[in-house]
Each structure stands twice: as C-alpha cells, then as structure tokens.
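In case you want the letters, here they are:
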Amino acid sequence: MHLIRRKGWEIPEREATPEALFLNRRAVLGAGVGSILAGVAPAMAAEEPDPSAGLYPAKHNDAFTLDRELTPEKINSQYNNFYEFGTQKKVFTAVDSLKIRPWTIKVDGMVEKAREIGIDDLLKTMPLEERLYRHRCVEAWSMTIPWTGFPLKALIDAARPLSSAKYVRFETFLDPKMAPGQKQSWYPWPYVEGLTMAEATNDLTMLVTGAYGKPLARQFGAPIRLHVPWKYGFKSIKSITRISFVDEQPKNFWQSLQSSEYGFWANVNPEVPHPRWSQATEEVIGTSTRRPTLLYNGYAEQVAGIYKGMEGQKIYF
Ligand code: MTE
C-alpha cells in the first residue's frame, strides 16, 4: 500500500489562504519599516508588558535589501506554521498559552563551559539590529519580514565551542500542557533542527527576537527563533530552549517524521522539486501572484561557497 501522510502545511495555498488576506494588500518599502508597520497587528490578548520592549525598534541595517514588497504585519502574523499550537495557519490566538517569561536557553555539548542564560540577560549582551529577509517555505509560498535579532555567530563566539564540534543542534520547548499540538504523539516532539558550523557562523544566520520593530509575537516563535534565509522555512526553528554543539549531524523534526521527503540540508533550489510538487515558483503571500523561486532563495552570493566540493550530495533535500 502506498500511503501519503499529508501535513497541514502541504495543502494548496489557494485553499489555505483566507480571501481577506488577498484583499488586504498593503505595500511598504524601504528602511525602518518595522516601526512603521508596528501599528497594524491583530489585537492580542491583554498581557504583561514585554520586559525587552525598550530594545525595539533596533538600528536598521541597510545592507539587507529586498527585491519585492514587504509583507504587511497583519498578513504575516496570521499565516504561520507552528505545529505545537495546531496544524492550521491561523495559530495567532492559540499561541496565547505560550509562556515566554521566564525563558532560559541552555547552551551545552562541545563547549568550553555549558551554561544556561535567561533571554533578557542574553539580549543585553547581543548586538540587536533590524534586517529585511526573504522567507521561503517548502510548501512553495514566500513572505518578506523585517526581523530584529543578532547573528548566531555572536552567540557561538561567546559560547566558545570546542574544535571537535561539527554541528549546532537546536531544540524547542517540550510542554504538552502549554502547547496542545505536542499531545499529538505521532509527531517526534520536541521540534529539533541542525546546521553545520559553517552554516551556523555565516553572517546571514540570525537568531531572531523581534519583528516589525517590536519583541517577537508568539506566533513567530517568541521569545527567540532561528532564521536561515537561504533554506526552506522548516529549518528556522521557533521558541528555542536549547542550543548544543555536537559532532554528529542532528536529525530534524520533519526528517524524523518523513525522511523520504525532508532532509538535513533543505537549501532552496527551483530546479529540485519536492517529491510531490515543483519548487520552480512560489506564491507570494498577501498578493495574488507567483514569482520564480531563486537559487538559495536569492542569497547564493553569500552562501554558495559553503557547499563547494559537495556537488553530488543531496544539499537541496
Ligand atoms: N518551529 C517550531 N518549533 N514548530 C514549527 O511548527 N514550523 C517551521 C518553522 N519553525 C515550525 C518551526 C516551518 S514549516 C516554517 S515554514 C516556519 O517555521 C514558519 O515561520 P513563520 O510562521 O514565522 O512564517
């Protein structure tokens, strides 16, 4: 019997995207956009003020420009993949149960000294900045986002990994009471991801703590998530609680679930289809258009060198 397990994030986008999103298009271009868009988020439940709110908006880094319009905050924050809170795109109210303070991140494995650090102590020591990034999901849709955060390399330098460390492994919290999706035992919780040291220390690889000029909203993976813009979005793990330096390639969440369809590398390539659909074009969420997908999601100049000599390996899978 040939059984295909279809995940929620694989349904065609014309079915998944509410019509209102297509009708509610708002185009904003240029620098400092995070703070301009800050006022348009959907109303959230009343809550304690975020202790890191004073750090935003952070300085905008002009080096990161886009070739397309910025996705409005209202659209981006109602179209998310966060399986801990459900398999549908609209998790923005379900995530209210995600408790983001206190929040500690364990840094361990092959490091000079393992440690645990509270998110607010970490934020005080890291060089926060705003960057505009493209985000390409393996489901063949894309968005653009003004992230605030810092290069993962800054944390790695502070952690002082041993030379024996070959990979960085990331883990999301595990708490089925807080995140009902984690009660679904057929998923390999907690969500795990991994990068090679070369990928992790590339300047593009960002630990994200804010978006649209404010602390990260829960549905984006508050209080801290990864963004690796040249890879399919599933590599960008949300709500990280543990960062470990290891010498074996970590097996990620989707790979553990369906290794015939999802691999470790997941570099964006329009010419390498997913086993069940083409990756040649992508739907630009918030618009009714598709556009051609770019090799490494348009970041080839910065990252192609990482994979020199690896031709023949499945680096797009
Ligand atoms: N991280 C966790 N912990 N849980 C998830 O379900 N989904 C991934 C990734 N990180 C996911 C996750 C997928 S499939 C994508 S496309 C992106 O997050 C979505 O990020 P966004 O909601 O900010 O667009």
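Look up: the structure comes first, before these words.
Note that the structure is a prediction, hence the values are computed from the model and not measured.

Asks: When you look at the site of the ligand in this model, what are you seeing that I'm missing?
Replies: Near the ligand lie 16 residues; those nearest to it are N80, Y83, E84, S236 and K238. Measuring from an oxygen atom of the ligand, one finds a side-chain N or O atom of K238 at 2.6 Å. When the free accessible area of the ligand is taken as 540 Å², the share hidden by the protein chains comes to 100%. In terms of residue class, the shell around the ligand is made up of 7 nonpolar, 6 polar and 3 charged.

Asks: Just checking my understanding: could you explain the pairing of strand β4 (residues 141-151) for this structure?
Replies: The side chains of a regular strand alternate, residue by residue, between the two faces of the sheet. In terms of burial, β4 is largely enclosed, as 11 of its 11 residues are buried. Strand direction decides the pairing type here: strand β3 (residues 129-137) and β4, joined by 9 bridges, are antiparallel. The residue of β4 that forms the bridge with Y133 is I145. What sits between the antiparallel neighbours β3 and β4 is a turn of 3 residues, in which A140 has the positive phi angle 75°. When β4 meets strand β11 (residues 281-284), the two strands line up parallel, connected through 2 bridges. By the bridge assignment for β11, S142 is matched with V284.

Asks: How should I be thinking about the environment of K238 in this particular structure?
Replies: Here K238 shows up in the loop between β9 (225-227) and β10 (240-246). Once the C-alpha coordinates of K238 and G221 are considered, the two residues, 17 residues apart in sequence, prove to be 4.2 Å apart. When residues no more than four places from it in sequence are discounted, the contact partners of K238 are N80, N81, F82, T172, Q219, F220, G221, I224 and R225. Within polar-contact distance, the side chain of K238 engages the backbone oxygen of N81 at 2.8 Å.

Asks: I would appreciate a short explanation of unusual backbone geometry in the present structure.
Replies: With the exception of glycine, most residues fall at negative phi, and the peptide bonds are largely trans. Residue P102 is bonded to the preceding R101 through a cis peptide linkage, with omega at -10°. Cis geometry marks the peptide bond from W189 to P190, where omega comes out at -5°. Looking at the element boundaries, P190 is found in the loop between β5 (167-172) and β6 (192-196). One non-glycine residue, A140, lies in positive phi territory at about 75°. The residue Y296 is not glycine, and still its phi comes out positive at about 50°. With respect to the helices and strands, Y296 occurs in the loop between β12 (290-292) and α9 (300-303). By relative accessible area, which is 3% here, Y296 ends up buried.

Asks: Where do I start with the environment of L207 in this structure?
Replies: Here L207 is to be found in strand β7 (residues 206-211). On the accessibility criterion, L207 (0% relative accessible area) is buried. C-alpha separation for the pair L207 and K238, spaced 31 residues apart in sequence, amounts to 9.8 Å. Discounting residues that sit within four places of it in the chain, L207 has contacts with T148, G149, F150, L152, L155, I224, R225, L226, I240 and I243.

Asks: Help me out: how do you make sense of the pattern of salt bridges in this one?
Replies: Opposite charge on two side chains makes pairing possible when the charged atoms of those side chains draw close. As enumerated under the stated definition, the model contains 19 salt bridges in all. Here K235 makes a salt bridge to E193, at a shortest N to O gap of 2.7 Å. Of the two residues, K235 is situated in the loop between β9 and β10 and E193 in strand β6; the sequence distance between them amounts to 42 residues. We note that K235, like E193, is buried. A single salt-bridge network, built from bridges that share partners, covers D67, R68, R134, R136, E282 and R291.

Asks: Honestly, empty space enclosed by the protein in this entry has me stumped. Any pointers?
Replies: The probe, sized like a water molecule, is rolled over the atoms to show the empty space still left. The tally for this structure, following the rule as stated, stands at 2 cavities of 30 Å³ or more. Considered as a void within the structure, the largest cavity measures approximately 320 Å³ in volume. The element contributing the most residues to the lining of the largest cavity is β4, with 4 residues. Counted by class, the lining of the largest cavity contains 14 nonpolar, 7 polar and 3 charged residues. For the second largest cavity, the calculated volume is near 60 Å³. Lining the second largest cavity, in full, are D50, S52, Y56, I100, R101, I119, L123, T209, P215, L216, A222 and P223. In the lining of the second largest cavity, the residues fall into 8 nonpolar, 2 polar and 2 charged.

About the criteria used
Residues numbered from 1 in each chain as written. Predicted model: local features only at pLDDT ≥ 70, side-chain atom pairs only at ≥ 80, totals over all residues. Heavy atoms only, no water. Near = heavy atom within 4 Å. Polar contact = N/O pair within 3.5 Å; in protein donor to acceptor, adjacent residues only side chain to side chain. Areas by Shrake-Rupley, 256 points an atom, 1.4 Å probe, with all protein chains shown as cover. Nonpolar A, V, L, I, M, F, W, Y, C, P; charged D, E, K, R; others polar. Buried < 20%, exposed > 50% of the residue type's maximum accessible area, 1.4 Å probe, protein only. Helix = DSSP H or I, 4+ residues; strand = E, 2+ residues; numbered from the N terminus. Pairing = 2+ DSSP bridges. Contact = heavy atoms within 4.5 Å. Salt bridge = Lys/Arg side-chain N within 4 Å of Asp/Glu carboxyl O. 1 Å grid on protein atoms, 1.4 Å probe; cavity = no way out; pocket = protein on both sides within 12 Å on 5 of 7 lines; lining within 4 Å. Points joined across faces, edges and corners; volume = space filled by probe spheres on them.

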